[in-house]
Amino acid sequence: MTTTSKARHWADLLADDIIDQRGRCHVVNTGITPSGEIHIGNMREVVTADAIHRVLTERGDESRLLYIADTYDPLRHVYPFLDPQRYRDKVGKPLSEIPCPCGQHSSYSEHFLEPFLRSLEQLGIRPTVHRADQLYKAGVYSDTILIALQQRDRIRTILKEETGRDTPADWSPFNPLCPACGRITQARVLGFSAEAQTVEYVCGCGERGTVSVAGGGKLTWRVDWPARWKIFGVTVEPFGKDHASKGGSYDTGVRIAREVYGIEPPYPIPYEWLSLAGKGDMSSSKGNVLSIHAMLEVVPPEVLRYLILRVPPQRSVRMDPGLPLLQLIDEYDDVEAKNRDSRALELSAISGIPPVGVPYRHMVTVVQAAQGDSEKWMEILRRNGYRLDNIEGLCQRAAYAQRWLETFAPEELRFQVQDQLPPAARELTLEQKQALRLLGERLRPGMTGEQIHQLIYALKDELGTKPDVLFKAIYSALLGKTQGPRAGWFLSTLDPAFVTQRFAEAAAIGGE
Ligand SMILES: [Zn+2]
Ligand SMILES: [Zn+2]
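What counts as what
Residues numbered from 1 in each chain as written. Chains lettered and ligands numbered in written order. Predicted model: local features only at pLDDT ≥ 70, side-chain atom pairs only at ≥ 80, totals over all residues. Heavy atoms only, no water. Donors = N, O, S within 2.8 Å, 3.2 Å for Na, K, Ca; no water. Tetrahedral: all angles 85-135°; square planar, octahedral: opposite > 155°, others 65-115°. Buried < 20%, exposed > 50% of the residue type's maximum accessible area, 1.4 Å probe, protein only. Axes fitted to C-alpha atoms, helices over the stretch in contact; angles between N-to-C directions. Helix = DSSP H or I, 4+ residues; strand = E, 2+ residues; numbered from the N terminus. Parallel < 35°, antiparallel > 145°, perpendicular 65-115°, else oblique. Left-handed = near helix turned anticlockwise from the far one by under 90°. Contact = heavy atoms within 4.5 Å. Nonpolar A, V, L, I, M, F, W, Y, C, P; charged D, E, K, R; others polar. Salt bridge = Lys/Arg side-chain N within 4 Å of Asp/Glu carboxyl O. Pairing = 2+ DSSP bridges. Polar contact = N/O pair within 3.5 Å; in protein donor to acceptor, adjacent residues only side chain to side chain. Phe/Tyr/Trp six-rings, centres within 6.5 Å; stacked < 30°, edge-to-face > 60°. Core = buried A, V, L, I, M, F, W, Y, C linked by side-chain atoms within 4.5 Å.

(A) A look at the coordination of the zinc ion (ligand 2). Each protein donor to the zinc ion (ligand 2) is listed here as Cys178 (SG), Cys181 (SG), Cys203 (SG) and Cys205 (SG); together their distances run 2.2 to 2.3 Å. Taken together, the 4 donor atoms coordinating the zinc ion (ligand 2) span angles of 105 to 117° at the metal, a pattern that classifies the geometry as tetrahedral. Summarised as a motif, the one-chain spacing of the donors to the zinc ion (ligand 2) is C-x2-C-x21-C-x1-C. For Cys178, a relative accessible area of 1% translates into the label buried.

Following this line, the structure appears as structure tokens:
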């Protein structure tokens, strides 16, 4: 986002509008179905909601943040990541009522919910969490279910007018959960009793009977959504653009909210998708997802928040876990970078650990030069002139850098300083050997990356060598390959006596 210091952040602008339209008491709602791994594409919803919640709270307004997990939704398919033998007969049953894939969780939905809730904690997002199955079973939805059953015809008319599609004559807003076959997708409603709070049904499996509205089924999605707005008094809700299309579930929800439940629908914040570089929009069914959990292994949570918050919700975000991720972390850490969005940074802050001040790209070089040894990398940073007063922050960054290198780093950024002069050094030309010898002789302890960088450039002019030729010589002699990290800064991470000796050795090869 091109933000000048004067432009206000989108969350502040939205908050103005929300207060204008909905007063000063807010319930910000989110909801994600835990039918598979909850990925960083889904994360936009909760991060967006949390930013709005933070801004409203900052203004002194009353604000609550909710997350409702759709645990009573049916399993729709045997997804590719499921054992077909085991899950074939579970299709159509609520996620809360079927076993978890790994055997360690109380249900299928908890299996995917648990890591997501842990990630939320790490991201500094602390919503009140509700599970839809528990809400239904406790009777929280009962009034809204009976109203929907009584106003079935009006809801059908709304659906027809908004979507242009007819519903079947026996359509019901309520999907009974058949006690015989356990499915919530196969039963037809035959009638209901408002007094007894029961629904009469016949199921595709042949079973016929009555169920309680409390736990004996659930509202269909297009009615469930406005029902929860009523139950929780939701005033603000971000949702994916699929719900925001014309005739989509927000449009029908607005009318059901007003005409059936007699409430105002929440202030909508539709958001665009997060796409994965080279793989398109993230979606569980396409299998091109990165789990939030996996991302949090390689990116500090505040940077993940920043990735989302620097871009307004209506714009898509492209996620590239390779080099662009590294640049993003630099943007976060470099307090002097020009294109930083300082308000987005403020809204991304979590742990109270301030940006560490060492460019992440340099950290990636340093941890490799130190071969992961924390004593060594601290020594290198000290030699490079960095202040080590934020040890906790630095240790965190070093650990992220290490994992990023193992997971997403492009090959050209990975290296290992060779203990012996690499065989590749035999290919050095006379010109390269001479340059290495001179460079080795001129290195002094305590030189900064910038100083060594200038030294290399001065040497190149002096010898009339192309910079490329010189860089290749440096990498060959130390890494045994022809590319590597930015040479001046890389050399500053190494012991100058070692470098001088290695370059002399390389220069002497072949009896020169
Ligand atoms: Zn599990
Ligand atoms: Zn049945």
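Okay, back to it.
(B) Representation of the packing of helix 18 (residues 430–442) against helix 22 (residues 496–508) within the structure. Running from amino to carboxyl end, helix 18 crosses helix 22 at an angle of 155°, the nearest separation of the two axes being 8 Å. As the angle between them shows, helix 18 and helix 22 are arranged roughly antiparallel. The chirality of how helix 18 crosses helix 22 is left-handed. Along the contact surface, helix 18 presents Lys433, Leu436, Arg437, Leu439, Gly440 and Glu441, while helix 22 presents Thr500, Phe503, Ala506 and Ala507. For the contact of helix 18 with helix 22, the class distribution of residues is 5 nonpolar, 2 polar and 3 charged.

(C) Structural context of the side chain of Arg228. If you trace the backbone, Arg228 turns up in helix 8 (residues 221–232). For Arg228, the residues in contact, after removing those within four places along its chain, are Asn29, Ile68, Asp70, Tyr141, Trp221, Gly233 and Val234.

(D) Seen up close, the coordination of the zinc ion (ligand 1). Around the zinc ion (ligand 1), the protein supplies Cys100 (SG), Cys102 (SG), His105 (ND1) and His111 (ND1) as donor atoms, at distances of 2.0 to 2.4 Å. Note that the zinc ion (ligand 1) binds 4 donor atoms; their angles at the metal cover 100 to 124°, and the shape is tetrahedral. Expressed as a motif, the donor residue spacing for the zinc ion (ligand 1) is C-x1-C-x2-H-x5-H. The exposure class assigned to His105 is partly exposed, which follows from its relative accessible area of 24%.

(E) Just the pattern of salt bridges, in detail. Counting across every chain of the model gives 34 salt bridges. With its nearest N and O atoms 3.1 Å apart, the salt bridge here joins Asp153 to Arg152. A salt bridge links Lys218 to Asp224; the shortest N-O distance between them is 3.5 Å.

(F) A look at the sheet that holds strand 13 (residues 317–319). Across the sheet, 3 strands lie side by side as 12-11-13; this open sheet has mixed pairing. What marks the edges here is a single partner per strand, and that holds for strand 12 (280–281) and strand 13. Of the strand pairs in this sheet, strand 11 (residues 274–276) and strand 13 are connected by 3 bridges, and their pairing is parallel. Residue Leu274 lies in a different strand from strand 13, and its bridge partner there is Val317.

(G) Local environment of the packing of helix 18 against helix 20 (residues 467–479). Relative orientation of the contacting elements helix 18 and helix 20 amounts to 75°, with a least axis distance of 9 Å. In terms of axis orientation, helix 18 runs roughly perpendicular to helix 20. The segment helix 18 lies against helix 20, with Glu431, Gln432, Ala435, Leu436 and Leu439 engaging Val469, Leu470, Lys472, Ala473, Ile474 and Ala477. Looking at side-chain class alone, the contact of helix 18 with helix 20 contains 8 nonpolar, 1 polar and 2 charged residues.

(H) Inspection of the side chain of Asp73 at higher detail. Turning to its location among the elements, Asp73 is positioned in the loop between strand 2 (62–69) and helix 3 (84–87). You can call Asp73 buried: its relative accessible area is 12%. Separated by 3.4 Å, the side chains of Asp73 and Lys218 make a polar contact. Contact partners of Asp73, with chain neighbours within four places excluded, come to Thr33, Lys93, Pro94, Leu95 and Lys218.

(I) Quick look at the sheet that holds strand 5 (residues 187–193). Judged by pairing direction, the sheet is antiparallel, and its 3 strands sit side by side in the order 5-6-7 without closing on themselves. Each edge of the open sheet is held by one strand with a lone partner, namely strand 5 and strand 7 (208–212). Within this sheet the neighbouring strands show an average axis-to-axis angle of 30°, counted without direction. In terms of strand pairing, strand 6 (residues 198–203) meets strand 7 through 5 bridges, oriented antiparallel. Across the sheet, Thr198 pairs through a bridge with Ser212, a residue of strand 7.

(J) Examining the packing of aromatic side chains more closely. Using the criterion set out here, one finds 17 aromatic pairs in the structure. Ring geometry for Phe81 versus Phe112: centroids 5.9 Å apart, planes at 70°, classification edge-to-face. With a gap of 31 residues between them, Phe81 in the loop between strand 2 and helix 3 and Phe112 in helix 4 (residues 108–122) connect regions that are remote in the sequence. Given a relative accessible area of 43%, Phe81 falls into the partly exposed group. Judged by its relative accessible area of 10%, Phe112 is buried. Residues Tyr87 and Tyr108 carry aromatic rings whose centres are separated by 5.9 Å and whose planes lie at 70° to one another, so their mutual orientation is edge-to-face. Here Tyr87 is found in helix 3, whereas its partner Tyr108 is found in helix 4, with 21 residues between them in sequence. As far as burial versus exposure is concerned, Tyr87 and Tyr108 are alike and both buried.

(K) Layout of the nonpolar core. Trp377, Trp404, Ile474 and Leu491 are the most contacted members of the largest nonpolar core, which has 107 residues in total. Discounting chain neighbours no more than four positions away, the residues touching Trp377 are Met363, Val366, Val367, Ala370, Gly372, Leu394, Cys395 and Ala398.

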